Amino acid sequence: MRWLFLASACVCILAVAVICAFLFVNGMPFFTKYSVIEFLTGTTWAPLRNVFGILPMIVGSFYVTMGALLIGAPIGILTAILMARFANSTVVKVMKPAVALLAGIPSIVYGFFGLMLLVPLIRVNFGGTGKSVLVASILLSIMILPTIIQTSEAALGAVPNSYYEGSLALGATHESSVFRTILPAARPGIVSGVVLALGRAIGETTAIIMVAGNNARMPVDLLKGVRTLTVNVLMEMGYAADLHAQSLIATGVVLFVIIMAINFLFSFLNRRRVMQ
Amino acid sequence: MSVIIRNASSIPRPNRHWGSKLLKALCWLAGVITIGVLGLIVVYICVKGIPYLTGDLFAFKYNSENVSMFHAIVNTLSMTFLALLFSVPVGVFGGIYLAEYAKPGSRLVKVVRVTAETLAGIPSIIYGLFGMMAFVVALKMGNSLIAGALTLAIMTLPLILRQTEESLLSVPMSYREGSFGLGAGKLRTTVRIVLPVATPGILAAVLLSIGRIAGETAALVFTSGTVAQISDTLGTSGRTLAVHLFVLQQEGLHINQAFAVAVVLLVIVALMNALSFYIAKKLTKKG
């Protein structure tokens, strides 16, 4: 049995190795036919003319993710502070399952909600088609809220209470004790939670494809459509062939490398936190 | 144990700064936004979808008139069952090795933890791409139930593995010592004494995985495919509920029915969440 248990534990290692192998083996042939530099810095995506530039998608992913963090991080962190230090236990008892439910709602439902409610809302109030960087950012910010809240709350809860008591004893108010002593002490944990959320946001596909408009050109305006790396794969893989299909796998490779870099940053931050 | 003070207004404190009040107000505002957004999503989907949850939607055979989701429900069930059939044994066995057999802090444990974390961070579209290249094309499974299930099994593996490990590690050492003292071996102790105590924690992870499988789209579009039929064998393609919703909104012809599907998905996820919350709570009460 021992060996069966050992083999099962090694399945994770095997899975990561096989996923890497498949992605790189299937993605590399593209780069023998198409220059990496042109692929990464080209601003035109025209598969029919065999022109594959994914810079618009890289920038698109970046914009949408940054927008989501700008909206989601403050709300999430403040909510976590509320749950950890302000709200009474009845409120916390309601909020915990609510946040867990927010984490559990499938991205397809978020996307559908965004498509049916947020997109028309923006279209009516700001013009355009409504499918835009703005809606994608708002929707993503909702989707990353639970990640940020859960990690931040855990980090805030782990701060020794003596910090807070010491601050109170020096005459600070409850609020300034929380914001000036507990929050800075919990900062490393909160930062790694935000990095985790960043990874989630960059990888999100289904919800974004429904609300972002998916135009494969450089995003210029908050209210214009945008296409992310993830959407590029999901949209075109169904009918792509030959070089086009390979270019999509190569897009997946680029996305994978970005995610790996973020994961690495996350575990680096975590390790440093543990060492402290 | 010290008590966390959540509202220090009972402590007399002269000239409270207005900034303090502002910070407090901001926290409450953020909390209200969080809960409000959840409420808005749930209420909006339910109000728009529940009136269309008619008998037609659950008709046995799908056609473009009744837009039945019966096939999608059956596919979701078989997909969930199959994916868990792979990921639960592997995840639980692997967790047992990490918690009970491996030397704590050994290199293998570290590597498995890092790879599990990596797997958990990979976005579903990459899983979809991988599943398509590995199972559909390389292993010649075609767009099929089994290709989708294998992809989702890998996707849910890290959650089950890590949760099993953590649940096992939280079982007090004295249980094992007692069992050893009575003459039981390593395996018997693990399976008969430690594992049952850790079961609620593992079950909570399984329930969350069910929610994830039911809601997954991007990983399934290219693996199990989008055909509107019941996959009656492992080799046939068929769409799950989430994929069904994805296709309906793309076609744009049956938006009301799409809302109804969204309601069903929400109910499944809420149910799984509530169950796992209940079990986890029972667990902490016992401990």
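For the structure itself, look to the data block above.
Residues numbered from 1 in each chain as written. Chains lettered and ligands numbered in written order. Predicted model: local features only at pLDDT ≥ 70, side-chain atom pairs only at ≥ 80, totals over all residues.

Asker: Could you give an account of the overall build of chain B, naming the residues involved and the relevant values?
Answerer: Within chain B, the secondary structure is distributed over nine helices and zero strands. Going from the N terminus to the C terminus, chain B shows its helices and strands as α-α-α-α-α-α-α-α-α. Here the C-alpha atoms of chain B give a radius of gyration of 24 Å, more than 25% beyond the 19 Å that 2.2 N^0.38 yields for 287 residues. For chain B, the spread of C-alpha atoms along the principal axes amounts to about 65 × 65 × 30 Å. Classification of the 287 residues of chain B by burial places 48% in the buried group. Considering only residue pairs separated by 6 or more positions, chain B has 74% of its internal contacts joining residues 24 or more positions apart. (Helix = DSSP H or I, 4+ residues; strand = E, 2+ residues; numbered from the N terminus. Rg over C-alpha atoms; globule rule 2.2 N^0.38 Å. Buried ≥ 20, exposed ≤ 12 C-beta atoms within 10 Å, placed from the backbone. Contact = placed C-beta atoms within 7 Å.)

Asker: An account of the nonpolar core is needed here, citing residue identities and associated values.
Answerer: The tendency in soluble globular proteins is for nonpolar side chains to be buried as a group. Ranked by size, the top nonpolar core spans 177 residues in total, and within it Ile81, Leu139 and Val211 of chain A together with Leu245, Ala262 and Leu265 of chain B carry the most contacts. Leu139 of chain A has contacts with Tyr110, Gly114, Leu118, Ala207 and Val211 of chain A, leaving out every residue within four places of it along the chain. (Core = buried A, V, L, I, M, F, W, Y, C linked by C-beta atoms within 7 Å.)

Asker: How would you sum up the environment of Phe60 of chain B? Please name residues and give values.
Answerer: Along the chain, the position of Phe60 of chain B falls in the loop between α1 (18-49) and α2 (70-101). A C-alpha to C-alpha distance of 5.9 Å links Phe60 of chain B and Phe70 of chain B, two positions 10 residues apart in sequence.

Asker: For the packing of α2 of chain B against helix α7 (residues 186-215) of chain B, give the residues involved together with the corresponding values.
Answerer: Residues and elements named next belong to chain B. Interhelical geometry of α2 versus α7 gives an angle of 140° and a closest axis separation of 10 Å. In terms of their interaxial angle, α2 and α7 are classed as oblique. Crossing angle aside, the handedness with which α2 passes α7 is right-handed. Where α2 approaches α7, its residues Thr76, Met79, Thr80, Ala83, Leu84, Ser87, Val88, Val92, Ile96 and Glu100 are matched on the opposing element by Thr190, Val194, Ile202, Val206, Ser209, Ile210, Ile213 and Ala214. For the contact of α2 with α7, the residue count by class is 12 nonpolar, five polar and one charged. (Axes fitted to C-alpha atoms, helices over the stretch in contact; angles between N-to-C directions. Parallel < 35°, antiparallel > 145°, perpendicular 65-115°, else oblique. Left-handed = near helix turned anticlockwise from the far one by under 90°. Nonpolar A, V, L, I, M, F, W, Y, C, P; charged D, E, K, R; others polar.)

Asker: Requested: an account of the interface of chain A and chain B, with residues and values cited.
Answerer: Taken together, the 69 residues of chain A in the interface contact 73 residues of chain B. Per element, the largest residue contribution to the side of chain A that touches chain B is 16 residues, and it comes from helix α1 (residues 2-33) of chain A. In terms of residue class, the side of chain A that touches chain B is made up of 48 nonpolar, 18 polar and three charged.

Asker: Please set out the packing of helix α3 (residues 55-86) of chain A against helix α8 (residues 174-203) of chain A residue by residue, giving values where relevant.
Answerer: Residues and elements named next belong to chain A. Where α3 contacts α8, the axes come no closer than 9 Å and their chain directions differ by 140°. Comparing their axes, α8 and α3 come out oblique. Considering how the two elements wind past one another, α3 and α8 form a crossing that is right-handed. In this structure, α3 contributes Ser61, Thr65, Ala68, Leu69, Gly72, Ala73, Ile77, Ile81 and Arg85 to the contact, and α8 contributes Val178, Ile182, Leu183, Ile190, Val194, Ala197, Leu198, Ala201 and Ile202. Among the residues forming the contact of α3 with α8, the class breakdown is 14 nonpolar, three polar and one charged.

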